Amino acid sequence: MKEMLREEFRAVFGREPAVIARAPGRIEFIGNHTDYNGGTVLGASIDRDVWVAVAARDDGQWRFATAAKDGVVTVPAVSLPVRQSGEGSWVNYPLGVIAAFPAFGLKAPAGFDFLAVSDLPVGAGLSSSAALELASALAFLELSDQAAPRETVVKLCRQAENNFVGVPCGILDQGVSGFGQKDHLVFIDCRGPVFATVPLPAAACFWIFNTHTKHALVDGFYAARHRECMEAAALLGVTVLAEVPPAALEAAQAKLPPVVFRRAKHVVEEIARVDATAAALRAGDLAAVGRLLTASHRSSQHLFENSTPELDFLVDQLAAVPSVHGARLTGGGFGGAVMALTTPEFGDSQAAAVVAAYAVRFGNRPEVLRTQTGDGAALVD
Ligand code: GLA
């Protein structure tokens, strides 16, 4: 990827890049919509990345290009960048990072040329947007001779997403891309936030089945779930749902409209499942981990209602395969991908059987990715 990035940079801007950074996509392992509710979550950074190359310019312009789209987007280098719309709206991720710098005591970089390339599928629930933010942030800091602790980088990237892009996401995506480690999961207690890593047993294998479906209103649905969770917290008299143990929620059911109760039940039980998963991982019990993953999906399906028929079908198929420990939708939901945790016996022929059944039912084929864990965001020499 690095050579490809350099070559493309030369082709677009006619010179060498000065700084290169990469940041991985992530699998949401378990902890669905727990992050902005102050809960816990486990994620894995994967071995697929967004790569960013930059070089300074002295004419007060930021020029953005990506291998995924034709053309260069030019924006004046000012301390308060303006949100872009239409074809160029992808630059809101790096621009949002710059817009967040002052709040963390950092200065916006002066003019630059910027190129992003990626081997991370977009729209698969693997968080290519957070990876773009993290890689951009590391590149901008280095280019402008500034340094920031990793936790600050993660927080400012989340702020870019919340305040500039306009998605009320939690810290999961940025936290995992920033703190990921090969052969480990990232455990986040989102109330701190506090970041830790948990070793992953060597026999654990990940498969991603990307349906390439994305609900047209996915951002609106995400925001609606966020609102319902905040409503539940307010009606229960707590700041975040993580303060409510599952039994206390059951006792308070009468205080909540039925839909809001279902959303809250998903969140508080999911937090309990995250903690049970961390314990099962420590005990090396992947079968128990798998059962918790599939239970998480069922809760998304029936309580949080952020699944789709395509995702449910994949989970049903996968859960019936003996070499699959468990499967669940990964990420915000309303389309995207299912991840399966498998034994090493699960291979191409098992994956092909799932794809074939899906093709009969839906008339198209999900994309299959066999992924591994990979290291978190970093500058590249
Ligand atoms: C998206 C958001 C995350 C998290 C998940 C759901 O990936 O960006 O912050 O809320 O959805 O768990």
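Residues numbered from 1 in each chain as written. Predicted model: local features only at pLDDT ≥ 70, side-chain atom pairs only at ≥ 80, totals over all residues. Heavy atoms only, no water.

Draft legend 1. Geometry of the packing of helix α3 (residues 128–143) against helix α5 (residues 172–179). In contact at an axis separation of 9 Å, α3 and α5 are set at 55° when each is read in the N-to-C sense. Of the possible angle classes, the one that applies to α3 and α5 is oblique. You can see that α3 and α5 cross each other, and the crossing is right-handed. Contact residues: α3 offers A130, A131, E133 and L134, while α5 offers D173, Q174, S177 and G178. Looking at side-chain class alone, the contact of α3 with α5 contains three nonpolar, three polar and two charged residues. (Axes fitted to C-alpha atoms, helices over the stretch in contact; angles between N-to-C directions. Helix = DSSP H or I, 4+ residues; strand = E, 2+ residues; numbered from the N terminus. Parallel < 35°, antiparallel > 145°, perpendicular 65-115°, else oblique. Left-handed = near helix turned anticlockwise from the far one by under 90°. Contact = heavy atoms within 4.5 Å. Nonpolar A, V, L, I, M, F, W, Y, C, P; charged D, E, K, R; others polar.)

Draft legend 2. Main features of the environment of R191. Structurally, the position occupied by R191 is in the loop between β6 (184–189) and β7 (194–199). Assessed through its relative accessible area of 52%, R191 is described here as exposed. C-alpha of R191 to C-alpha of V54: the two residues are 137 residues apart in sequence and 34 Å apart in space. With near-sequence residues (within four places) excluded, R191 lies in contact with G38, G39, V240, A242 and E243. (Buried < 20%, exposed > 50% of the residue type's maximum accessible area, 1.4 Å probe, protein only.)

Draft legend 3. Just the layout of surface pockets, in detail. Put simply, the second largest pocket is a space of about 190 Å³. Lining the second largest pocket, in full, are K182, D183, L200, P201, A202, A204, C205, F206, R370, T371, Q372 and T373. For the lining of the second largest pocket, the secondary-structure elements that each account for two or more residues are β8 (205–214) and β11 (367–371). Considering only residue class, the lining of the second largest pocket consists of six nonpolar, three polar and three charged. (1 Å grid on protein atoms, 1.4 Å probe; cavity = no way out; pocket = protein on both sides within 12 Å on 5 of 7 lines; lining within 4 Å. Points joined across faces, edges and corners; volume = space filled by probe spheres on them.)

Draft legend 4. Inspection of the site of the ligand at higher detail. Neighbouring the ligand are 13 residues; E28, H33, D35, D173 and Y222 lie closest to it. At 2.9 Å from an oxygen atom of the ligand is found a side-chain nitrogen or oxygen belonging to R26. Here D35 contributes a side-chain N or O atom positioned 2.6 Å from an oxygen atom of the ligand. Notes on the ligand: free accessible area 310 Å², of which the protein chains cover 92%. Residues belonging to the shell around the ligand are distributed by class as follows: three nonpolar, six polar and four charged. (Near = heavy atom within 4 Å. Polar contact = N/O pair within 3.5 Å; in protein donor to acceptor, adjacent residues only side chain to side chain. Areas by Shrake-Rupley, 256 points an atom, 1.4 Å probe, with all protein chains shown as cover.)

Draft legend 5. Broad picture of the pattern of salt bridges. For the coordinates displayed, the defined rule picks out 18 salt bridges. Here E305 ties to R263 by a salt bridge, and the two come within 2.9 Å at their closest N and O atoms. Placement of E305 in the loop between α9 (286–304) and α10 (309–319) and of R263 in helix α8 (residues 258–282) is noted, with a sequence separation of 42 residues between them. For R263, a relative accessible area of 5% puts it in the buried group. Taken together, the salt bridges that share partners define one network made up of R225, E228, R262, R263 and E305. (Salt bridge = Lys/Arg side-chain N within 4 Å of Asp/Glu carboxyl O.)

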